[in-house]
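# Remarks on the overall topology
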Amino acid sequence: MKQTILITGGAGFIGSHVVRLFVNKYSEYHIINLDALTYAGNLENLTDLDQSPNYTFIKADIRDAETIDAIFEKYPITGVCHLAAESHVDRSIAEPMAFITTNIIGTVNLLNAARKAWTGNFEGKRFYHISTDEVYGSLGSEGFFVETTSYDPRSPYSASKASSDHLVRAYNHTYGLPVVITNCSNNYGQNQFPEKLIPLAINNIKHMKPIPVYGKGENIRDWLYVIDHARAIDLVFHEGKVGETYNIGGFNEWTNISLIHVLCEIMDRKMNRAPGTSASLITYVKDRAGHDLRYAIDATKIQKELGWEPSLQFAEGLEKTVDWYLANEEWMDRITTGKYQAYYDQQYHKR
Ligand code: NAD
Ligand code: TYD
């Protein structure tokens with residue numbers, strides 16, 4: 001079936017992989033990538049699609065309701081994959097308001113526009129909201145987040161995502177909007193902005209700069225390769241049941257410090273440095289305020305009901321990720337000048 005799919009946040013890390021997958025896999029679809037190009041949005045992530053006939057980029061802000069309505073009037077949108085968001089916990093601690101306006105109001109603007117455009121005809125329509133496992137709060141040393149785990153968000157970022165999840169479900173219950181939600185664990189891979197742990201560490205190790213590890217490095221995250229997340233998004237968009245939530249995760253838990261040690265070994269090898277050189281850069285710094293101890297997803301539902309599972313082992317995924325960053329120095333250099341440096345100084349030197 002011919003579809004017109006609006007992907008928001010498609011110039012960002014995960015969104016760019018989703019846009020590429022959809023544009024290349026579904027030549028019969030028209031894929032519209034809507035992105036405000038904030039500091040995290042980068043069209044360089046998608047230069048390979050410049051000539052694709054089924055791809056359109058629109059620079060727009062989801063906080064601007066009129067513009068969003070106009071886009072729904074102009075294009076016969078049949079589906080939405082909503083990824084646009086402010087996504088970094090540390091920034092949400094420093095400046096929460098952008099998280100409230102983009103993640104909450106922006107999501108409601110999209111829900112309203114879809115509802116208006118689709119009124120009376122939800123047949124074949126779908127509003128897919130991409131969310132995070134952080135809405136569930138923090139785990140102790142045991143247990144996993146399942147789809148029915150109560151929400152307990154603890155940072156401005158996770159609270160704003162939790163709020164948007166509730167609104168998406170409310171539009172399903174109240175107006176019958178055909179929604180589906182996924183909550184995913186930490187992603188890693190190429191094109192991730194170097195404010196997040198893995199690309200920040202790779203970049204610092206490359207330049208022989210300290211690797212900042214918050215607290216004791218004992219916090220645990222469940223890591224998933226970004227292309228496996230994009231595959232899951234494709235599956236849920238096409239086969240997920242309306243009104244359902246699916247958790248997505250890597251079955252792959254690491255303490256931050258053990259992950260950094262693996263990364264250091266890979267970097268020593270790739271950069272032809274003596275073993276231990278990169279690890280000597282590990283520097284324990286002041287902990288993140290309200291730092292969640294552990295996230296871990298039970299992805300049994302999506303595995304059993306939709307047949308999804310991660311395709312890559314972590315060791316292989318990390319190697320591929322390091323190779324990409326080392327082969328794409330210019331991508332990294334261009335985004336780590338200017339504003340990034342100001343952010344970095346604020347976050348790591350003036351704490
Ligand atoms: P990102 O920060 O790399 O990209 C976000 C994109 O959204 C950028 O291109 C940015 O320009 C755009 N954007 C921001 N504000 C906007 C606005 N007001 N209007 C239009 N566009 C705007 O984020 P990401 O890591 O790719 O995450 C994408 C989505 O996946 C987010 O909703 C995030 O909550 C969710 N998620 C991320 C992870 C992760 O580990 N990165 C895990 C689970 C879920
Ligand atoms: P991050 O990549 O910011 O993702 P999230 O906070 O969404 O899980 O951080 C991953 C983990 O790494 C988290 O426990 C915080 C920690 N961390 C550091 O120790 N040092 C850093 O410089 C950063 C950015 C994160």
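In what follows, the accompanying structure is described.

Reading the values: the criteria
Residues numbered from 1 in each chain as written. Chains lettered and ligands numbered in written order. Predicted model: local features only at pLDDT ≥ 70, side-chain atom pairs only at ≥ 80, totals over all residues. Heavy atoms only, no water. Pairing = 2+ DSSP bridges. Helix = DSSP H or I, 4+ residues; strand = E, 2+ residues; numbered from the N terminus. Axes fitted to C-alpha atoms, helices over the stretch in contact; angles between N-to-C directions. Contact = heavy atoms within 4.5 Å. Near = heavy atom within 4 Å. Polar contact = N/O pair within 3.5 Å; in protein donor to acceptor, adjacent residues only side chain to side chain. Areas by Shrake-Rupley, 256 points an atom, 1.4 Å probe, with all protein chains shown as cover. Left-handed = near helix turned anticlockwise from the far one by under 90°. Buried < 20%, exposed > 50% of the residue type's maximum accessible area, 1.4 Å probe, protein only. Lys, Arg positive; Asp, Glu negative; His and termini not counted. Salt bridge = Lys/Arg side-chain N within 4 Å of Asp/Glu carboxyl O. Nonpolar A, V, L, I, M, F, W, Y, C, P; charged D, E, K, R; others polar.

## Side note on the sheet that holds strand 7 (residues 186-188)
- On the basis of which strands lie adjacent, the open sheet formed by three strands has the order 7-9-11 and mixed pairing. In the strand order of this sheet, the two ends are held by strand 7 and strand 11 (253-255), each with one partner. Taking each pair of neighbouring strands and ignoring which way they run, the sheet shows an average axis angle of 50°.
- Note that strand 7 and strand 9 (residues 220-225) share three bridges and pair parallel. Directly across from Y188, in strand 9, lies its bridge partner Y225.
- Packed onto the sheet, helix 7 (residues 226-239) meets strand 7 and strand 9 and runs at close to 70° relative to strand 9.

## Points about the site of ligand 1
- By nearness alone, 29 residues border ligand 1, and I14, D35, S87, Y157 and K161 come closest of all.
- Take D61: an N or O atom from its side chain is 2.8 Å from a nitrogen atom of ligand 1.
- Contact with the protein chains removes 97% of the 830 Å² of surface that ligand 1 exposes when unbound.
- Looking at the shell around ligand 1, the elements that each hand over two or more residues are helix 1 (13-25), strand 5 (126-132), helix 5 (156-175) and strand 7.
- Broken down by element, the residue count for the shell around ligand 1 peaks at three residues, all from strand 5.

## Points about the packing of helix 2 (residues 65-74) against helix 4 (residues 97-118)
- Across the interface, helix 2 lies against helix 4 with an axial gap of 9 Å and an inter-helix angle of 35°. Judged by the twist between their axes, the crossing of helix 2 over helix 4 is right-handed. Every residue of helix 4 that contacts helix 2 at A65, I68, D69 and F72 is listed here: N109, L110, A113, A114, K116, A117 and W118.

## Description of the side chain of R126
- Looking at the element boundaries, R126 is found in strand 5.
- Buried charge R126 goes without a salt bridge, the closest partner of opposite sign being E239 at 9.3 Å.
- Here V236 takes part through its backbone oxygen, which lies 3.1 Å from a polar atom of the side chain of R126.
- A polar atom in the side chain of R126 sits 3.2 Å from the backbone oxygen of F237.
- For R126, the contacting residues outside a window of four places in its chain are T78, G79, V80, W118, P178, V180, V236, F237, G240 and V242.

## Points about the site of ligand 2
- Close to ligand 2 lie 17 residues, the nearest being E134, R221, R288, H291 and Y348.
- Between ligand 2 and Y214, the relevant distance is 2.8 Å, taken from an oxygen atom to a main-chain nitrogen or oxygen of the residue.
- A distance of 2.5 Å is found between an oxygen atom of ligand 2 and a side-chain nitrogen or oxygen belonging to R288.
- Considering ligand 2 on its own, with 510 Å² of exposed area, one finds that the protein chains cover 97% of that surface.
- Ranked by residues supplied to the shell around ligand 2, first place goes to strand 8 (residues 211-214) with three residues.
- Looking at the shell around ligand 2, its residues break down into seven nonpolar, five polar and five charged.

## Some details on the side chain of N109
- By the element assignment, N109 lies in helix 4.
- Sequence-distant contacts of N109, defined by excluding residues within four places in its chain, comprise I62, R63, D64, A65 and I68.

## Considering the environment of Q341
- Among the structural elements, Q341 can be located in helix 12 (residues 339-348).
- A relative accessible area of 31% means that Q341 is categorised as partly exposed.
- It is 40 Å that separates the C-alpha atoms of Q341 and Y29, two residues lying 312 residues apart in sequence.

## Regarding the sheet that holds strand 5
- Taking strand neighbours across the sheet as the criterion, the seven strands line up as 3-2-1-4-5-6-10 in an open arrangement whose pairing is parallel. What marks the edges here is a single partner per strand, and that holds for strand 3 (55-59) and strand 10 (245-248). Direction aside, neighbouring strands of the sheet carry axes that sit 20° apart on average.
- As defined by bridge partners, strand 5 adjoins strand 6 (residues 179-184) across six bridges and the pair is classed as parallel. Pairing of I130 across the sheet is with T182, part of strand 6.

## Looking at the pattern of salt bridges
- One pass over the structure, following the stated rule, counts 16 salt bridges.
- Salt-bridge contacts for K25 lead to D234; the nearest nitrogen and oxygen are separated by 2.5 Å. Residue K25 is found in helix 1, and its partner D234 is found in helix 7; the two are separated by 209 residues along the sequence.
- The residue K301 makes a salt bridge to E244 at a minimum N-O spacing of 2.5 Å. Separated by 57 residues along the polypeptide, K301 in helix 9 (residues 300-306) and E244 in the loop between helix 7 and strand 10 bring together distant segments of the chain.
- Among the charged side chains, a salt-bridge network with shared partners connects R269, K270, E319 and D323.

Purely geometric stuff here, so don't read any function into it on its own.
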